[in-house]
Amino acid sequence: MKSLKELYRIGAGPSSSHSMGPEAAALKLKELYPRAKFKITLCGSLALTGKGHGTDAVIKRVLGDDAEIVFDCKSENLSHPNTMIISVSEDGKEIASHTVLSVGGGRIVFEGESLAETPEVYKLNSFEEIKQYLNDNEMRLPDYVFAVEPDAKDYLTEVWAQMRATIKEGLNAEGELPGGLGVVRKAKYLWQSKHIGETAEIAENRMICAFAFATSEQNAAGGRVVTAPTCGSCGVIPAVMYYMKKQHKFTDEQIVRALAAAGVVGNLIKTNASISGAECGCQAEIGSACSMAAAGLAELYDMDIEQIEYAAEIAMEHHLGLTCDPVNGLVQIPCIERNAVAAMRAINAVNIANFLTYTRKVSLDTIITTMYETGRDLSGRYRETSEGGLAKLYRGK
Ligand code: SF4
């Protein structure tokens, strides 16, 4: 598995594959060819929903307004659903061409080149192997991460600082989100609208929703977020962790450890399945975020490795089949609410894992493979193309 730095990335929303990935590709091209002009053909999902995600705007922001962007909605048999074909020219002549894939979570791969290859950092690639290693060495998940990646603690501290900053910005923002759907921000309202006679349980749900909305609304507005594991699903983990810090007084250091545990689960999903909505539907984004949040929360509560596995497994299992059908290609409907629902679900998953400890029948590795196969079986209409489901039927209010 790769470094956790590749899983948790800090950058501009609203989509890790549609804005952060293309932004990274544009930055790399600019570095490689500082004097060149570029023609970028967006194919597959990038062409179908790129406008709504601001893919063209983010590329032009990096490469300049004279970069030519073509939306090719027709090409089939692509190497990846998020493909960019880039023609580089100098003095009117093409000097190079690249096919770049935005493979999810903000990561890009230049097809056929080792340019974007990144090292495998973790030798163990299944939860079963990692669990065995932890048991043999009497370690916990975060200690394993910090042993393999000594600088991960500093990086995750930065990640956690950004998550907190994004929530604070989102809780203070008001007004309509960009894109034309007329979606009004709700985080501030949720945060401030304490109900008379509100029970502790309702208050918990309201606050978790407020934090998830705050992050996801910032993402939808093109704000700075952390992929956790993607932009579309960036609100789940911060909402759970921020609530735990605020209400239950967990320290920043404890939360950084929880992020490390969550990161192992996210990394396993990314390695053995996918975290891309364009590849496997929303189960790969929101399902993965929920699974990661559940593992992180179980770590925060010092639960054992079997309980952590159970919590992560439950959280993913009950997202299987979840489709990706963003209305107008924007990361707003159903995405923002979905982050809040998944954050609450992560807490429920940890509770079930706690109540029913050691009765688990399905392993985390099995559910990850199941998610991948289910995702590959999903019709392309439900894989971030905005051609089916809510994206097709929604007519506004
Ligand atoms: S529906 Fe899910 S996978 Fe699709 S863009 Fe929204 S959050 Fe991402």
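Since the structure is predicted, the reported quantities are computational estimates derived from the model, not experimental observations. (Residues numbered from 1 in each chain as written. Predicted model: local features only at pLDDT ≥ 70, side-chain atom pairs only at ≥ 80, totals over all residues.)

## Considering the overall build of the protein chain
Next, step 1: The secondary structure content of the protein chain amounts to 16 helices and seven strands.
Next, step 2: Principal-axis analysis of the C-alpha atoms places the extent of the protein chain at approximately 65 × 50 × 40 Å.
Next, step 3: For the protein chain, the proportion of its 397 residues judged to be buried stands at 51%.
Next, step 4: Within the protein chain, contacts between residues separated by at least 24 positions form 78% of all contacts whose residues are at least 6 apart in sequence. (Helix = DSSP H or I, 4+ residues; strand = E, 2+ residues; numbered from the N terminus. Buried ≥ 20, exposed ≤ 12 C-beta atoms within 10 Å, placed from the backbone. Contact = placed C-beta atoms within 7 Å.)

## Considerations on the nonpolar core
Next, step 1: Counting residues in each nonpolar core, the largest one holds 119 residues, and the members touching the most others are V236, V240, A293, A294, A311 and A346.
Next, step 2: Considering each element in turn, this core owes the most residues, eleven residues, to helix α10 (residues 252-272).
Next, step 3: Residue contributions to this core reach at least three from each of two domains, namely domain 1 (13-110) and domain 2 (127-393).
Next, step 4: Setting aside residues up to four positions removed in sequence, V240 forms contacts with I208, A293, L297, A343, A346 and I347. (Core = buried A, V, L, I, M, F, W, Y, C linked by C-beta atoms within 7 Å. Domains from an automatic or database assignment.)

## Section: the domain arrangement of the protein chain
Next, step 1: In terms of domain boundaries, the protein chain breaks down into domain 1 (13-110) and domain 2 (127-393).
Next, step 2: For domain 1 and domain 2, the distance between their C-alpha centres works out to 28 Å.
Next, step 3: Listed by partner, the interface residues are 19 residues for domain 1 and 27 residues for domain 2.
Next, step 4: Secondary structure elements with two or more residues in the side of domain 1 that touches domain 2: α1 (16-32), α2 (45-53) and β5 (93-104).
Next, step 5: Tallying contributions element by element places α2 first for the side of domain 1 that touches domain 2, with six residues.
Next, step 6: Of the residues belonging to the side of domain 1 that touches domain 2, the class tally is five nonpolar, 13 polar and one charged. (Nonpolar A, V, L, I, M, F, W, Y, C, P; charged D, E, K, R; others polar.)

## Comments concerning the site of the ligand
Next, step 1: Looking at the ligand, there are 13 residues lining it, with G232, G277, C282, C324 and C335 nearest.
Next, step 2: Across the shell around the ligand, the residue classes tally to seven nonpolar, three polar and three charged. (Near = placed C-beta within 6 Å.)

## Quick notes on unusual backbone geometry
Next, step 1: P229 follows A228 through a cis peptide bond whose omega is 5 degrees.
Next, step 2: Within the secondary structure, P229 is located in the loop between β7 (224-226) and α9 (236-248).
Next, step 3: With an omega of 10 degrees, the peptide bond between I333 and P334 qualifies as cis.
Next, step 4: The phi dihedral of E138 falls on the positive side, at around 50 degrees, and the residue is not glycine.
Next, step 5: Along the chain, E138 turns up in the loop between α4 (127-137) and α5 (141-148).
Next, step 6: For E138, a count of 7 C-beta atoms within 10 Å corresponds to the exposed category.
Next, step 7: Phi at E384 is positive, roughly 60 degrees, even though this residue is not glycine.

## Here's the deal with the environment of I85
Next, step 1: Looking at where I85 falls in the secondary structure, it is placed in strand β4 (residues 82-90).
Next, step 2: On the basis of neighbour count, I85 is assigned to the partly exposed category, with 18 C-beta atoms found within 10 Å.
Next, step 3: Once the C-alpha coordinates of I85 and R140 are considered, the two residues, 55 residues apart in sequence, prove to be 44 Å apart.

## Points about helix α8 (residues 200-220)
Next, step 1: In this model α8 runs 30 Å from its N-terminal to its C-terminal C-alpha over 21 residues, within 8% of the 30 Å that 1.5 Å per residue would give.
Next, step 2: Once α8 finishes, G222 follows within two positions and takes phi at roughly 80 degrees, a positive value. (Expected span 1.5 Å × (residues − 1).)

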